[in-house]
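Chain by chain, the residues:
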Amino acid sequence: MRPRRRLAIVLGVAGLALAAGLAAAGAWARREPPPAAVVRAGPPSGQARRATAGVVPAPALPSQARSEGPSLGPLRLTPPEGARYHYALEIVHSTRLDGQAEVLSSVRGELVVRVRQRLPDGAVTLDHDTSGLAAEVAAGDRRTELPLAGVVRVRRDGRGALLGLAPDASLPAESRNLQRALVAVLGLVLPEGGEATWEAEERDLTGLALARYERRPSAEAPPGGLALSRTRRVLSVDGVEGDPPVTTRGSLQAVLDPEGMPLSLEGEETTDIDGVGLGVPFRVQDERRIRLERRPALGPARSVPAAAPANSLAWEAVPRAEASPLAVGAEGRPRGPHDSEPVDSLLLALERAWGTEDWEAVAPRRFLALVRRLAADESEAGRAGERLASGRLLPPSPSVLVEALGEAGTPAAQRALLAGVDGAGDPELHALACLSLGSCRRLLPEARAFLEAAVLDPALRAHAVQGMGMAADRAEESEAAEALVVRLEGLLAPDGPGGDPSPVLIALGNAARPRSLPVLDPFLLGADPELRRAAAGALSRMEGQPAADRLMTLAWRDADPRVRREAVRALDGRRDEDGVAGLLADLAALDPDPGVREAAAGRPALIRE
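About the cut-offs
- Residues numbered from 1 in each chain as written.
- Predicted model: local features only at pLDDT ≥ 70, side-chain atom pairs only at ≥ 80, totals over all residues.
- Heavy atoms only, no water.
- Buried < 20%, exposed > 50% of the residue type's maximum accessible area, 1.4 Å probe, protein only.
- Helix = DSSP H or I, 4+ residues; strand = E, 2+ residues; numbered from the N terminus.
- Pairing = 2+ DSSP bridges.
- Salt bridge = Lys/Arg side-chain N within 4 Å of Asp/Glu carboxyl O.
- Polar contact = N/O pair within 3.5 Å; in protein donor to acceptor, adjacent residues only side chain to side chain.
- Contact = heavy atoms within 4.5 Å.
- Axes fitted to C-alpha atoms, helices over the stretch in contact; angles between N-to-C directions.
- Parallel < 35°, antiparallel > 145°, perpendicular 65-115°, else oblique.
- Nonpolar A, V, L, I, M, F, W, Y, C, P; charged D, E, K, R; others polar.
- Phe/Tyr/Trp six-rings, centres within 6.5 Å; stacked < 30°, edge-to-face > 60°.
- 1 Å grid on protein atoms, 1.4 Å probe; cavity = no way out; pocket = protein on both sides within 12 Å on 5 of 7 lines; lining within 4 Å.
- Points joined across faces, edges and corners; volume = space filled by probe spheres on them.
- Core = buried A, V, L, I, M, F, W, Y, C linked by side-chain atoms within 4.5 Å.

Engineer: What is the right way to read the pairing of strand β9 (residues 195-203) from this model?
Structural biologist: Here is the key point about a regular strand: its side chains alternate between the two faces of the sheet. Among the nine residues that make up β9, eight are buried, leaving the element largely enclosed by the rest of the structure. In this structure, β9 lies alongside strand β10 (residues 207-215), joined through seven bridges in antiparallel fashion. Bridge pairing in β10 places E202 opposite A209.

Engineer: Even after reading the chapter, I still don't get the pattern of salt bridges, so can you show me in this structure?
Structural biologist: Pairs can form between side chains of opposite charge whenever their charged atoms are close. Evaluated as defined, the whole model comprises 37 salt bridges. Of the charged contacts in the structure, one is a salt bridge between R230 and E269, with a shortest N-O distance of 3.9 Å. Here R230, found in strand β11 (residues 226-237), pairs with E269, found in strand β13 (residues 262-273); they are 39 residues apart in sequence, far enough to count as distant. Looking at R230, the relative accessible area reads 2%, which means it is buried. The network of salt bridges with common partners includes E293, E530, R533, D560, R562, R565 and D593.

Engineer: What should I look at first to understand the side chain of D257 in this one?
Structural biologist: By the secondary structure assignment, D257 is in the loop between β12 (246-256) and β13. Classification of D257 as buried rests on a relative accessible area of 5%. A distance of 2.9 Å separates a polar atom in the side chain of D257 from the backbone nitrogen of M261. A polar contact of 2.8 Å, which involves the side chain of D257, links it to the side chain of R294. Ignoring any residue separated from it by four or fewer positions in sequence, one finds D257 in contact with L75, Y85, P222, G225, L263 and R294.

Engineer: When you look at the packing of helix α11 (residues 461-474) against helix α13 (residues 502-511) in this model, what are you seeing that I'm missing?
Structural biologist: For any two helices packed against each other, the geometry comes down to the angle between their axes and how far apart the axes lie. In contact at an axis separation of 7 Å, α11 and α13 are set at 10° when each is read in the N-to-C sense. The orientation of α11 with respect to α13, classified from their angle, is roughly parallel. In contact with R461, A462, V465, G469, A472 and D473 of α11, α13 contributes P503, V504, A507, N510 and A511. Grouping the amino acids of the contact of α11 with α13 by side-chain chemistry returns seven nonpolar, two polar and two charged.

Engineer: Any chance you could explain the packing of aromatic side chains here in plain terms?
Structural biologist: Two aromatic rings, taken as a pair, are described by how far apart their centres are and by the angle between their planes. One pass over the full model with this rule turns up one aromatic pair. Note on W198 and Y213: the rings are 5.4 Å apart at their centroids and 5° apart in plane angle, and the pair reads as stacked. With W198 in strand β9 and Y213 in strand β10, the pair connects residues that are 15 residues apart, well separated along the chain. A relative accessible area of 0% means that Y213 is categorised as buried.

Engineer: I tried to follow empty space enclosed by the protein on my own but got confused; where do I start?
Structural biologist: Rolled over the atoms, a probe as big as a water molecule pinpoints where empty space is left. Going through the model one piece at a time under the given rule, you end up with eight cavities of 30 Å³ or more. Roughly 200 Å³ of internal volume is contained in the second largest cavity. Taken together, 18 residues make up the lining of the second largest cavity; nearest its centre are L126, R156, L186, M261 and P262. Within the residue set of the lining of the second largest cavity, elements represented by two or more residues are β4 (101-118), β5 (124-139) and β13.

Engineer: What should I look at first to understand the nonpolar core in this one?
Structural biologist: Soluble globular proteins tend to bury their nonpolar side chains together. Grouped together as the largest cluster of nonpolar side chains are 91 residues, with contacts concentrated most on L370, L405 and L437. With residues up to four places along the chain from it excluded, the contact list for L437 reads Q414, L417, L418, L443, A447, F450, L451 and A471. Ranked by size, the runner-up nonpolar core spans 38 residues in total, among them A83, Y85, V185 and A200.

Engineer: Looking at this structure, I do not really get the pairing of strand β7 (residues 151-156). What am I missing?
Structural biologist: The element β7 is largely enclosed, with a buried count of five among its six residues. Pairing between β5 and β7: six bridges, direction antiparallel. By the bridge assignment for β7, D129 is matched with V151. Direction of pairing for β7 relative to strand β8 (residues 162-166): antiparallel, over a ladder of four bridges. Among the inter-strand pairings, R153 is bridged to a residue of β8, identified as A166. Between β7 and β8, which pair antiparallel in sequence order, lie five residues; one of them, G160, sits at a positive phi of approximately 95°.

Listed below in structure tokens is the structure:
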């Protein structure tokens, strides 16, 4: 085995340091400084979008489980189709080489998991949207950010074992590896029949590990849910003969809801790798801390990225450099190689590629060509609406047309979208239409009325308010944007329609209008800490000293450390505003919660036992 391959294996075993550690530690091993260039994390800019890869079967990722102990009742992975789960995620690594050079890496931000499909055999397909996550690696005085915007499509069986995954093919290799490592970290295998302890052989990016699970008592587990702990031991490393010179210690604590989806994960794990045994002349020690908390809605700043709204196909921005700057189509969109294809041909190509390995090669440019055709030709937009209303399209064409019409955004495209989803009568398309209309920069009055009516439907309310917040943020006409904000504020009024206020709070945060501050105040001072967190997340995008003052009050005085952490994260980018830097310095030294202290210090430090 070549030394570079051995080095990749060594650093890969360290888990989530896989992408960052490989880049920085590999450079250290050659006595070269880490790369100085900084690649900004988050969604790239631009109007055009790229589709993520479809699910690729992964037969090399088995899970063979053994169980023991008394039965306490079964738990299966049974989340409902279309459900979205929003998480605050923080993973911090400290990777040391020969006990000398240290590489710090972190992944922080918002993770959204959407249930795409449930299959008759009990398998579940999930989309892990990493658009709200930021990844950073630091070695010495050098720091590099890694892009993570994209969607990882994951398929798991009824017990949660990994069956296949497909990361966003548009990202660099380091970022795709980081996405894969995230999936491996967040995967949990449920008991066969409800045993108190069980084991599962799990294959990740680097080899085979034996995970041992135990149910644990916890007042946090809801009725029908489960609290468990997981410890892991590496059994084999791919490409290495014999027992691997790898030892692990530490554990992960998790709480699951009755559908088997995580409510929280927290733990610290250490991996020691004897590089000499793998032919690499140094040893590696990796300490990892993991925290994941489900929240009622998306959190600060990147809650609904402007360039990549959360929708069923998760289209991501395509860099403009990939198209000729001399060939420009409707509304300034660059022309592509498939612009001359008829709409029916474009849809047929997408239908044939759906669910196959060809998806990542076919979908991006066909979708962009479809958007350009619908934006440039009113008659084509009208026919697209008729196709939607017919209900005779094969997957994924209905969802593709809804998204493409919203992305086209012209008056004709918006009217076709509204007529199509109304005629189709499919609730999932109605929900997707709410999000797709949020992409429009000039929302028609009838489109705004569609969103306002959808708010009154409990099944569509969360999607409608999210679309309204997105549209208010992007609207080119201030009058239309203000009308949407006024409607959102009315949903929180005492005499409003009621319902969960969390999505509305987040939508107002996306709209980012300081005029909404008085509407948020009752939630900032309320008894429910989850609503205080959601309101703090809404404040994070609002400019001005009044918003900063409210966040500083929460960060210093709130009794719940989770709320204080939310407020500190929102303040981190406002250190130049009055009083913020001094307050964060005090919190970094004095707050009793280690998570608040770390966030206030603005560094990826580790909590050590």
